[in-house]
Amino acid sequence: MAETLVQFEPVPATSGHALTYAAVVKEGAPEIGAALPATTRLLFVTSEMGDFIKAGGLGEVSSALPRQLRQLCDVRVLIPGFRQVRAARPNMDIVSTMPRTASLPPWSLGRFSTADGLTIYALLCDELYDREGSPYGPYSGGDFPDNDIRFARLSLAAAELAAGEADPNWKPDILHVNDWPSALAPGYLRWKGLTTPSILTIHNLAYQGLYQPARLAPLGIPDLAFSVNGTEFHGKISFLKTGIFYGSHVTTVSETYAHEITTAEHGCGLEGLLKTRMDEGRLTGIVNGIDDSWNALITGENLDSRRVRQWKQQNAADIRKTFDLPTSNGPLFSIISRLVHQKGIDLSIEAAETIVGNGGQLVVTGRGEPRLEDAIERLARRHPRAVAARIGFDDAEARRLFAASDFLLMPSRFEPCGLSQMYAQRSGALPIAYRTGGLVDTIEDGRSGFLFSTLTSAGLTSAVSRAIEAFRSKRMFRTMREHAMAKRFDWSRPSHRYADVYARALAA
């Protein structure tokens, strides 16, 4: 029953669409003035939220985007009542109690407000959500075996709110659902006979929520919906395809990734349907923003080159001390990432020899696949004065490492948006990345970072060599660093683009 990650083979070089659309993305579209009435009621549905529990970028987006959208409409967030949510707000208001549907257990709707006034709905059902672990599985790894029930319950709860059944005093005009865990909601809207528009944002197409057709009845999905024009995907139920098929509009988290997923290379078998949506004008790429805290890294005024250099040097000295690396005048590289194949960790390990051979140092922090964790630890043992690693993740330490680094290695094989490259640029660390997805949209090659087009260790090593050459040319490096740190990746522009999508869906 576990959620399935759709696997596909990496290609050896940048695909044509990434190169074709890069220039268009870099020019940027004019600012959009969304014609969305301020009275519009929006329900933002998510399986994670950084305020309480997160597993990745979705948690960051779910914390920041609804807050930004409050300036444009009446937005509320629906999230499962995970143990972490219940612990944060043990005395929330109970709005209603809702009955069982098929094998989806009864639930209660909790409501509370965050300190800054954002209204949160919590789907209270302890048998589904009161567990140790991430939103999706135990901390030891893997998925919970009943994730189909857990997230169908979330999707149906969103539809029940849209129907005015769960909260008689607040009924959304539009739903915004995210990734496969809430992607059945547009289907439930249709099957309940509702016309409420729905927006599905795809944060990573590779995760689709695939289950056997025997689960149709337990999930309350009509048999007639199990067809190519519905929930069926290669003989299985696909939560994500359901959202794409029944949703009013699909968005994804960068302009380049929106084009990539309409191709066989990155479409994970859904490229035909997604290409249709794009041709219909119903697929839009919107690059994520990052938290405002990244816009105020150095306190004080008059942040000239000297002050920035001193700030970077102090952070680098602290990180070297923390990770038992000797003082060095060479460049400091970092890997701040899940240690998984998708992130190109194997390529980074090979490129490390070039870094060390040119007097650089590398600090790695993250956790992931055991074989890659082991490979990182072996690399550190082989170069104890040049490579250091911590298997694990601490957010405060990661921020210090961004601030300390001269360069960030991020050779992801695919990256729908990516946040680390934006954190790095704001922190004065120039990202080194493969030309794909949101990395193309947010890194200016030779100005705010380095992009490479051949997905091999040689391709990454060539980019690393360019970075080292820039570091040695102090003037060039200083110019690039200042340009990177001057960039803004806030949520103002993305939120207005989402508002425009909402307005178009409501008007359709």
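Here we summarise the structure given alongside this text. (Residues numbered from 1 in each chain as written. Predicted model: local features only at pLDDT ≥ 70, side-chain atom pairs only at ≥ 80, totals over all residues. Heavy atoms only, no water.)

**Points about the overall build of the protein**
The line we're drawing: Strands here are runs of E lasting at least two residues and helices are runs of H or I lasting at least four, both read from the DSSP assignment and numbered beginning at the N terminus. Here the globule rule reads 2.2 Å times residues to the power 0.38, and the radius of gyration is calculated from C-alpha atoms. Summary of the burial criterion: residues with accessible area below 20% of their type's maximum are buried, those above 50% are exposed, and those between are partly exposed, where the area comes from a 1.4 Å probe applied to protein chains only.
On a plain count of helices and strands, the protein comes out with 19 helices and 18 strands. Taken against the 2.2 N^0.38 rule, which gives 23 Å for 508 residues, the C-alpha radius of gyration of the protein at 23 Å falls within 12% of a compact globule. The principal-axis extents of the C-alpha atoms in the protein amount to approximately 65 × 45 × 45 Å. By the burial criterion, 58% of the 508 residues in the protein qualify as buried.

**As for the side chain of Asn 204**
The test is simple: By the criterion applied in these results, polar contacts are pairs of N or O atoms within 3.5 Å in which, for protein atoms, one can donate a hydrogen and the other can accept it, and in which residues neighboring in sequence qualify only through two side-chain atoms. Here, two residues are considered to be in contact whenever any of their heavy atoms come within 4.5 Å of each other.
Its location among the elements puts Asn 204 in the loop between strand E7 (198-202) and strand E8 (210-211). For Asn 204, the side chain forms a polar contact with the main-chain nitrogen of Ala 206, separated by 3.1 Å. Every residue in contact with Asn 204, bar those within four places of it in the chain, is listed here: Asp 179, Tyr 257, Gln 342, Phe 414 and Pro 416.

**Focus on the pattern of salt bridges**
Test applied: Here, a salt bridge means any side-chain nitrogen of Lys or Arg that lies within 4 Å of a carboxyl oxygen of Asp or Glu.
What the rule picks out here adds up to 29 salt bridges. Taking the shortest distance from any N to any O, the salt bridge between Arg 83 and Asp 130 comes out at 2.7 Å. One end of the pair, Arg 83, is in helix H3 (residues 83-88); the other, Asp 130, is in the loop between helix H4 (126-129) and helix H5 (147-162), and 47 residues separate them in sequence. For Asp 279, the salt bridge is made with Lys 275, and the minimal N-O distance between the two is 3.0 Å. With a gap of four residues between them, Asp 279 and Lys 275 both fall in helix H10 (residues 271-279), about one helical turn apart.

**A look at the sheet that holds strand E6 (residues 174-178)**
As a reminder, the rule being used: Whether two strands pair comes down to DSSP finding at least two bridges between them. All axes here are fitted lines through C-alpha atoms, helices being fitted over the stretch that makes contact, and every angle between N-to-C directions spans 0 to 180 degrees.
Ordered by their spatial adjacency, nine strands build an open sheet running E3-E4-E5-E2-E1-E6-E7-E11-E12, and the pairing between neighbours is mixed. With one partner strand each, in any of the chains shown, strand E3 (93-98) and strand E12 (283-285) form the two edges of the open sheet. Adjacent strand axes in the sheet meet at a mean angle of 25 degrees, parallel and antiparallel pairs treated alike. Relative to E7, E6 is paired through four bridges, and the arrangement is parallel. Paired with Leu 175 across the bridge in E7 is Ser 198. Its contacts with the sheet place H5 against strand E1 (41-45), strand E2 (74-80), E3, strand E4 (107-113), strand E5 (119-124) and E6, and it is angled at close to 150 degrees to E2. Along the sheet, helix H19 (residues 492-507) contacts E1, E6, E7, strand E11 (249-252) and E12; its crossing angle with E6, the most-contacted strand, is approximately 130 degrees.

**Concerning the packing of aromatic side chains**
Stated formally: Geometry of aromatic contacts follows a simple scheme: Phe, Tyr and Trp rings, the Trp one being its six-membered ring, pair when their centres are within 6.5 Å, and the pair is stacked under 30 degrees between planes, edge-to-face over 60, tilted otherwise. We count a charge as sitting over a ring when the NZ of a lysine or the CZ of an arginine lies within 6 Å of the ring centre and within 35 degrees of the ring normal.
Applying the stated criterion to the full structure yields 21 aromatic pairs. An angle of 80 degrees between the planes, with centres 5.4 Å apart, marks the rings of Phe 151 and Trp 180 as edge-to-face. Residue Phe 151 is located in helix H5, and its partner Trp 180 is located in the loop between E6 and helix H6 (185-191); the two are separated by 29 residues in the primary sequence. Residue class for Phe 151 comes out buried when judged on its relative accessible area of 0%. Geometrically, the ring pair formed by Tyr 434 and Phe 452 is tilted, given 5.8 Å between the ring centres and 45 degrees between the ring planes. Residue Tyr 434 is located in strand E17 (residues 430-434), and its partner Phe 452 is located in strand E18 (residues 450-452); the two are separated by 18 residues in the primary sequence. Of the two residues, Tyr 434 and Phe 452, neither departs from the other in class, the shared state being buried. Site record: aromatic cluster; members linked through ring pairs are Tyr 136, Phe 151, Trp 180, Tyr 211 and Phe 239. Over the face of the ring belonging to Phe 144 we find Arg 131, whose NZ or CZ atom lies 4.9 Å from the ring centre.

**Here's the deal with the nonpolar core**
Filter applied, for reference: The set of buried Ala, Val, Leu, Ile, Met, Phe, Trp, Tyr and Cys residues whose side-chain atoms join them within 4.5 Å is what this entry labels a nonpolar core.
If you look at the biggest cluster of nonpolar residues, it comprises 92 residues, and the most contacted ones within it are Leu 43, Leu 78, Tyr 188, Leu 205, Phe 239, Leu 240 and Ile 244. Per element, the largest residue contribution to this core is ten residues, and it comes from H5. Here Leu 78 is in contact with Leu 43, Phe 44, Val 45, Thr 46, Leu 109, Tyr 121, Leu 123, Leu 154, Ala 157, Ala 158 and Leu 161, once residues within four sequence places are set aside. Counting residues in hydrophobic clusters, the runner-up holds 36 residues, among them Leu 372, Leu 455, Ile 468 and Ala 484.

**Let's talk about the pairing of E6**
What counts here: Every crossover in which the path from the first strand over the helix to the second runs clockwise, viewed with the strands pointing away from the viewer, is termed right-handed.
E6 sits mainly inside the fold: five of its five residues count as buried. Neither face of E6 is left uncovered, since the one carrying Ile 174, His 176 and Asn 178 and the one carrying Leu 175 and Val 177 both have all their residues buried. Taken together, the four bridges between E1 and E6 define a ladder with parallel strand orientation. From the neighbouring strand, Leu 42 faces E6, where its bridge partner is Ile 174. On the question of chirality, the crossover connecting E6 to the parallel E7 by way of H6 is right-handed.

**Structural notes on helix H14 (residues 395-404)**
Within H14 the residues assigned to the buried category are Glu 397, Ala 398, Leu 401, Phe 402, Ala 403 and Ala 404. Looking at the buried positions of H14, the neighbouring elements they touch are helix H11 (305-322), strand E13 (332-336), strand E14 (361-366), strand E15 (387-391), strand E16 (407-410) and helix H15 (420-426).

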